[in-house]
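Summary of structural features
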Amino acid sequence: MPATAQRLPSPYRPETEVVSRRLQFLQGALDWAAAAQVASPWVRAVRRHPPPFWAMESLLKEYPISSAEGLALMRLAEALLRVPDAETAIALTADQLSRADFEGSADSALARLSHSAIALSKRFLPGDGAQPEGGLFARLGARTVVGATLRAVQLLGRQFVLGQTIGEAMHEAAAARRRQPNLRFSYDMLGEGARTAPDAERYLQHYRQGIAAIGANADPAQPVQANDGISIKLSALHPRYEALQRERVLEELVPRVWSLCRMAADANVNLTIDAEEVDRLELSLEVFEALAERVGRETPQWQGFGLALQSYQTRALELIAHVAEIARRHRIRLMCRLVKGAYWDAEIKRAQELGLPHYPVFTHKHHTDVSYLACARALLEAKDVIYPQFATHNAGTIAAILQMARRNGAPFELQRLHGMGEGVYREVSRYSPSGQDGLPPTQPPPPGGGAIPVRVYAPVGVHRDLLAYLVRRLLENGANSSFVHQLADESVGLDELLESPLHLAPEPSLPLPPDLYGAERRNSAGVDLTVPSLRATLEEALAQTTVPAIALADPAQVPAAVDRSLAAGEGWSRVPVAERAAALRRAADAMEADLPRLCALLVKEGFKAWGDSVAEVREAVDFLRYYALQAERLLQPVTLPGPTGESNELRLTARGAWVCISPWNFPLAIFTGQVAAALVTGNSVLAKPAEQTPAVAAEAVRLLHAAGVPRDALQLLHGPGETVGAALVAEPRIAGVVFTGSTQVAKVIQRALAAKDGPIVPLIAETGGINAMLVDSTALPEQVVDAVVQSAFRSAGQRCSALRLLCVHEAIADGVIAMVQGAARELVTGDPAEWRTDVGPVIDDEAFANLQRHLQRLQREAKPLLPPSEFDPRTRMVPPQAFEVTAVDQVKHEIFGPVLHIARWRGDPQATIHAINRIGYGLTLGIQTRIDSRAEALAREARIGNVYVNRNMIGAVVGVQPFGGEGMSGTGPKAGGPHYLTRFCAEQTVTVNTAAAGGNVALLA
Ligand SMILES: Cc1cc2nc3c(=O)[nH]c(=O)nc-3n(C[C@H](O)[C@H](O)[C@H](O)COP(=O)(O)OP(=O)(O)OC[C@H]3O[C@@H](n4cnc5c(N)ncnc54)[C@H](O)[C@@H]3O)c2cc1C
């Protein structure tokens, strides 16, 4: 199939449409009332005999994640075990234990939590008297509380992992099976998604060892379904398991997974591919299909291959049809696990961030349940090729499945997670159908003669690796809507708990991504590049787009251009602000509609990668809509208080003709932002784009003219900064200059403006920075590395906000540095028109030569962390580079390219922030820590404009993260922020003595 062939429908469809079809599909298939009747006694019994205190249900009851204690426990569980140094472990524990409201008294939440931590650890290990009883953090001493908390978290983790090694886990499984013979297991070898090739290799070995051990115990004679199996994550087996790395994934990952399949098939073991994020589904299917084809060819007798399917996805039903079709085509039988889905919050966030038209998952919990039931029906109906495995802890869902399965007569199994749902499953295992499920008692019993097979998903690994898994489970099941949570909450009545999901909610429960900013400002529409058909549209645009030549302006023409600008400005400034704003909004809509062509132009003229190009068009659209709205608000006259007999009004007015000088690195967004701000406030504009990217700027100007901005109110003057730019700045009649670029050029402009006689002209300058990221030892290395790679190397490091200096705590530095090295090696440097490219060429020969000079210097002065590359001036490609420096102050120059410096720090993190402040720039700062109070204190101490905690530090969004720095990084105000437009305006007050003509009527009346 071609790269842009799409297997499934769009994930972004109206929820109601999809759910209506699911409800139709379920008509007549299910009697919910009867299912609820079956489930009621299970729920009552579970509530009468609650599970042990450490089960997920009990944990959520005692420490709901909506409470301070629950949140603290979750945060500690996520981070504490990985912190190597005592000092930081104490700071983290103190921070989290003091999250809640504990004003002093011995009965405070802090005290309770300290007690709880200790009590919890004691309850796990009865008779372990190592920890002293009672008292506050202070009274017990920090080390004791931290020790107790560590112990509590470790023991907590132990309840959700079956064993630290596969041997240990299988031993536990055997013991459980002696008590409950219908149990089967699917082992999950824990770990984060691989970021580097060695990570992927390590996980592959874990899976191999796992399959070998499971296989050694498997019965070769019995059906594969009856044996234990393994669950694997494709993201663990390849460092770039991403849609845009498709070719590489197919080439490298498929053989790797096939080697596991082959082992599993030979050992008569089942192997399930776990379901991951929505943006990986099409790729997973492609990988799955390649493997299925091979199973069909080489091991057709093996019926143990399968995958997990998430019903919370709007495409779930079509996915099942597609998977069944694959099985039929290759004449194989599959095992398919139906889950609801574990990444709901992350999917919602991604759709909002990308400005997608709809959510790829349902927004009502009961819609996910409807979809689950519809998918269950589809799986049961595909019994010729699929053995369904229903994974859920929801008693209502289980009862409904049993009913549908009994009608259908297909073999199936149920699944639960280790450490969860034991109470419900205890009751389910005692259940024998007797007519109360809506079917006559004469119906055959469930396959297997009564005891429905139940498979336990059993994580295996060291506790440190378990925690990310545990936190996901806490989040997923701690949500108010979750069955497990509601089961534990006695205030939720039986009727509510088992209410029928079979109805349609007419509206999504959340605003759709386009409505994220409310009715007043539409969010810019984005494109999900992981959807093949959308990539095809962009490819088409690329094929049709050429970069036009733009005529150079003659510096001698500048005075005439200013004449026209002033004349046009007279009229434009009198146009009501609402009309000017409307013109901007029209331009925004036109840009949005023209996104594929504008992206193609950005790729061709600006050498931007596709993802960056889409983000840039969206930013430009956001600028237009945001400034339109702001201008309508700000430019209203304000009545001021004063003495009677007088009216006072403050008005903002246009200043005149503005010169807008923008850079090549955001040739559309920054250009449009500057121009839109000046225009909407009633000024006229002389725009000088970067010499390297005039065609993109010309396109923006064309769209603004078409939207109603008079031609002379917005003039494009393309040419070198030294001539055209300098002539514009020097022109005596201009009212202001807005500039984005280097600090050095900003200074030249400032001096040129100061040297002129006449009015003092305002300058808004946004300049670069030596942007740092501070990482402490509580940070999650994988998250840090993702943020570092994106911030330092995306856009070839050619962003003002890019990360230049990574400051990492010495206790975790070796590991983080190794992971940065590994992840950087996986990046693809090349032609930006290719989907797989992460790092395109640098913009021009001058930039390339500059970078080479800097890199030669760094080779001498610092420790290179990545192999030196051969630089070819013809392609201007600079693969990612990283150097270790001895101290923060060794970094003195802003290097505008994919070059990262790394320094280790120890001691007080504030001292490192002070050192960063002393560099003198103040644009962006990243902080990676799980100590919330530390993040807050460091942000307050930093003399830096944009601070990002626990994420990347690029891609500021208009109106969300207004952008701009201080010190050598710029004058402010921030672009895309509420204070920007006022700088383009003059202010006028009008005071009228209303008492002048015949006395103060208002007072007398
Ligand atoms: C054996 C097993 C294997 C699993 N493997 C995977 C896997 O490979 N991949 C994976 O993603 N998950 C997997 N899961 C996790 C599974 O998705 C969760 O356990 C499941 O979400 C809980 O479902 P439930 O029926 O037990 O609970 P319920 O409480 O009935 O359902 C919770 C579900 O509803 C969703 N939800 C919550 N609020 C809303 C809302 N407002 N709108 C729409 N939906 C909402 C949640 O995201 C969740 O999916 C597995 C689970 C089990 C038991």
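Residues numbered from 1 in each chain as written. Predicted model: local features only at pLDDT ≥ 70, side-chain atom pairs only at ≥ 80, totals over all residues. Heavy atoms only, no water.

**Concerning the overall build of the protein chain**
Helices and strands together make up the secondary structure of the protein chain, namely 35 helices and 25 strands. In terms of overall size, the protein chain behaves like a compact globule, its C-alpha atoms giving a radius of gyration of 32 Å where 1005 residues would be expected to give roughly 30 Å. Across its three principal axes, the protein chain shows a C-alpha extent of roughly 95 × 70 × 70 Å. Counting the 1005 residues in the protein chain, one finds 59% classified as buried. Intrachain contacts of the protein chain at a sequence separation of at least 6 include 79% that bridge at least 24 residues. Of the roughly 38,100 Å² that the protein chain leaves accessible, carbon and sulfur atoms contribute 53%. With 100 positive and 108 negative side-chain charges, the protein chain shows a separation of 2 Å between the mean positions of the two kinds. (Helix = DSSP H or I, 4+ residues; strand = E, 2+ residues; numbered from the N terminus. Rg over C-alpha atoms; globule rule 2.2 N^0.38 Å. Buried < 20%, exposed > 50% of the residue type's maximum accessible area, 1.4 Å probe, protein only. Contact = heavy atoms within 4.5 Å. Areas by Shrake-Rupley, 256 points an atom, 1.4 Å probe, with all protein chains shown as cover. Lys, Arg positive; Asp, Glu negative; His and termini not counted. Charge placed at Lys NZ, Arg CZ, Asp CG, Glu CD.)

**Comments concerning the sheet that holds strand 1 (residues 183–189)**
Strand order around the closed barrel formed by 8 strands is 1-2-3-4-5-6-7-8, with parallel pairing between neighbours. Taken over all neighbouring pairs, the strand axes of this sheet differ in orientation by 30° on average, direction set aside. Across 3 bridges, the pairing between strand 6 (residues 386–391) and strand 7 (residues 413–417) is parallel. Opposite Q389, over in strand 7, you have E413 as the bridge partner. Contacting strand 4 (305–310), strand 5 (334–339) and strand 6, helix 13 (residues 316–329) crosses the sheet at an angle of about 170° to strand 4. Contacts between helix 18 (residues 463–478) and the sheet are confined to strand 1, strand 7 and strand 8 (454–460), with strand 8 contributing the most and set at about 135° to the helix. (Pairing = 2+ DSSP bridges. Axes fitted to C-alpha atoms, helices over the stretch in contact; angles between N-to-C directions.)

**Examining the state of the cysteines**
In this structure the tally under the stated criterion is 0 disulfides. No disulfide involves C375; its sulfur sits 11 Å from that of C336, the nearest cysteine. A residue is classified by how much of its surface remains accessible, and C375, at 0% relative accessible area, is buried. Between C985, a free cysteine, and C660, which holds the nearest cysteine sulfur, the sulfur-to-sulfur gap is 13 Å. Here C985 falls in the buried class, since its relative accessible area comes to 4%. (Disulfide = S-S within 2.5 Å.)

**Quick word on the packing of aromatic side chains**
Summed over all chains, the structure comprises 13 aromatic pairs. Measuring from centroid to centroid gives 5.8 Å for W664 and F896, while their planes differ by 85°, and the two rings are edge-to-face. A residue pair is termed long-range when its members are at least 10 positions apart, and W664 in the loop between strand 11 (657–661) and helix 26 (669–680) and F896 in the loop between strand 19 (881–884) and strand 20 (899–905) qualify at 232 residues. Judged by its relative accessible area of 25%, F896 falls in the partly exposed class. Between the NZ or CZ atom of R202 and the centre of the ring of Y203, over which it lies, the distance is 5.1 Å. (Phe/Tyr/Trp six-rings, centres within 6.5 Å; stacked < 30°, edge-to-face > 60°. Lys NZ or Arg CZ within 6 Å of the ring centre and 35° of its normal.)

**Notes on the UniProt feature "active site" (unreviewed entry) in the protein chain**
Under the UniProt annotation, the feature "active site" (unreviewed entry) is placed at E766 and C800. These annotated residues cover 35 residues of sequence, but their C-alpha atoms sit close together, with the largest distance between any two at 9.0 Å. Among the structural elements, E766 can be located in strand 15 (residues 763–766). In this view, E766 contacts F739, T740, G741, F963, G964, S969, G970 and A975; residues no more than four positions away in its chain are not counted. (UniProt positions renumbered as here; feature names shortened; annotations may be inferred.)

**Topic: the environment of A175**
In this structure, A175 sits in helix 9 (residues 166–179). Looking at A175, the relative accessible area reads 23%, which means it is partly exposed. Put simply, A175 and G922 are 747 residues apart on the chain and 60 Å apart in space, counted from C-alpha to C-alpha.

**Looking at the nonpolar core**
W42, Y187, I232, L271, F305, F390 and L414 are the most contacted members of the largest nonpolar core, which totals 117 residues. Aside from chain neighbours lying at most four places away, what touches F390 is L338, Y372, A376, L379, L380, I401, F412, E413, L414, Q415 and Y425. Among the nonpolar cores identified, the runner-up in size contains 69 residues, and V621, L668, V701 and W835 belong to it. (Core = buried A, V, L, I, M, F, W, Y, C linked by side-chain atoms within 4.5 Å.)

**A short note on the pairing of strand 15**
In the case of a regular strand, side chains alternate between the two sheet surfaces. Alternating positions in strand 15 separate into two faces, L763 and A765 on one and I764 and E766 on the other, with burial throughout. Looking at chain direction, strand 14 (residues 736–740) and strand 15 are connected through 4 bridges and run parallel. By the bridge assignment, V738 is partnered in strand 15 with I764. Once the chain exits strand 14 it traverses helix 29 (residues 743–755) before rejoining the sheet at strand 15, and the crossover so formed is right-handed. (Right-handed = clockwise from strand over helix to strand, strands pointing away.)

**Points about the side chain of Q245**
Examined against the element boundaries, Q245 turns out to sit in the loop between strand 2 (229–232) and helix 11 (246–266). Contacts of Q245, omitting those with residues within four sequence positions, involve R240, V828, R836 and D838.

**Quick notes on the sheet that holds strand 10 (residues 646–654)**
Ordered by their spatial adjacency, 3 strands build an open sheet running 9-10-25, and the pairing between neighbours is antiparallel. Two strands in the sheet have a free side with no partner beyond their single neighbour: strand 9 (638–640) and strand 25 (985–993). Sheet twist, expressed as the mean angle between neighbouring strand axes with direction ignored, is 25°. For strand 10 and strand 25, the ladder comprises 9 bridges, and the chain directions are antiparallel. Bridging from a neighbouring strand, L650 pairs with T989 of strand 25.

**Some remarks on the side chain of N683**
Topologically, N683 is positioned in the loop between helix 26 and strand 12 (684–688). A distance of 3.0 Å separates a polar atom in the side chain of N683 from the backbone nitrogen of G656. At 3.2 Å, the side chain of N683 and the backbone oxygen of F984 are in polar contact. N683 has contacts with W572, A654, R655, G656, W658, A678 and F984, leaving out every residue within four places of it along the chain. (Polar contact = N/O pair within 3.5 Å; in protein donor to acceptor, adjacent residues only side chain to side chain.)

**Thoughts on helix 12 (residues 281–298)**
With 18 residues, helix 12 extends 25 Å between its outermost C-alpha atoms, agreeing within 8% with the 26 Å of an ideal straight helix rising 1.5 Å per residue. At its buried positions, helix 12 is contacted by helix 11, strand 3 (270–273), strand 4, helix 13, strand 5 and helix 21 (532–544). (Expected span 1.5 Å × (residues − 1).)

**A closer look at unusual backbone geometry**
Of note, the bond from G972 into P973 is cis; its omega dihedral lies within 30 degrees of zero at -5°. Mapped onto the fold, P973 is located in the loop between strand 24 (966–967) and strand 25. A positive phi angle, close to 50°, is found at A796, a residue other than glycine. On the secondary structure map, A796 appears in the loop between helix 30 (781–793) and strand 17 (803–809).

**Digging into the packing of helix 13 against helix 15 (residues 365–381)**
At a minimum axis distance of 9 Å, the contact between helix 13 and helix 15 shows a crossing angle of 15°. As far as their axial angle goes, helix 15 and helix 13 are roughly parallel. Read as a crossing pair, helix 13 and helix 15 show a hand that is right-handed. Only S371, A374, C375, A378 and L379 of helix 15 make contact with helix 13, whose side of the interface consists of A316, L317 and I320. For the contact of helix 13 with helix 15, the class distribution of residues is 7 nonpolar, 1 polar and no charged. (Parallel < 35°, antiparallel > 145°, perpendicular 65-115°, else oblique. Left-handed = near helix turned anticlockwise from the far one by under 90°. Nonpolar A, V, L, I, M, F, W, Y, C, P; charged D, E, K, R; others polar.)

**Focus on the site of the ligand**
Inspection of the region around the ligand gives 30 residues, with G341, T368, T392, H393 and F483 positioned closest. A distance of 3.3 Å is found between a nitrogen atom of the ligand and a backbone nitrogen or oxygen belonging to F362. Separating an oxygen atom of the ligand from a side-chain N or O atom of T392 is a distance of 2.6 Å. For the shell around the ligand, the elements supplying multiple residues, two or more each, are strand 4, strand 5, helix 15, strand 7 and helix 18. Here the shell around the ligand takes 3 residues from strand 7, the largest share from any one element. In terms of residue class, the shell around the ligand is made up of 12 nonpolar, 11 polar and 7 charged. (Near = heavy atom within 4 Å.)

**Here's the deal with the pairing of strand 1**
Buried residues dominate strand 1, accounting for 7 of its 7 residues. With burial as the criterion, each face of strand 1 is covered, one bearing L183, F185, Y187 and M189 and the other bearing R184, S186 and D188. Strand direction decides the pairing type here: strand 1 and strand 8, joined by 7 bridges, are parallel. Residue pairing for strand 8: R184 is matched across the bridge by R455. Note: strand 1 against strand 2, 3 bridges, orientation parallel. Bridging from a neighbouring strand, D188 pairs with S231 of strand 2. Handedness of the β-α-β unit built from strand 1, helix 10 (residues 197–217) and strand 2 comes out right-handed.

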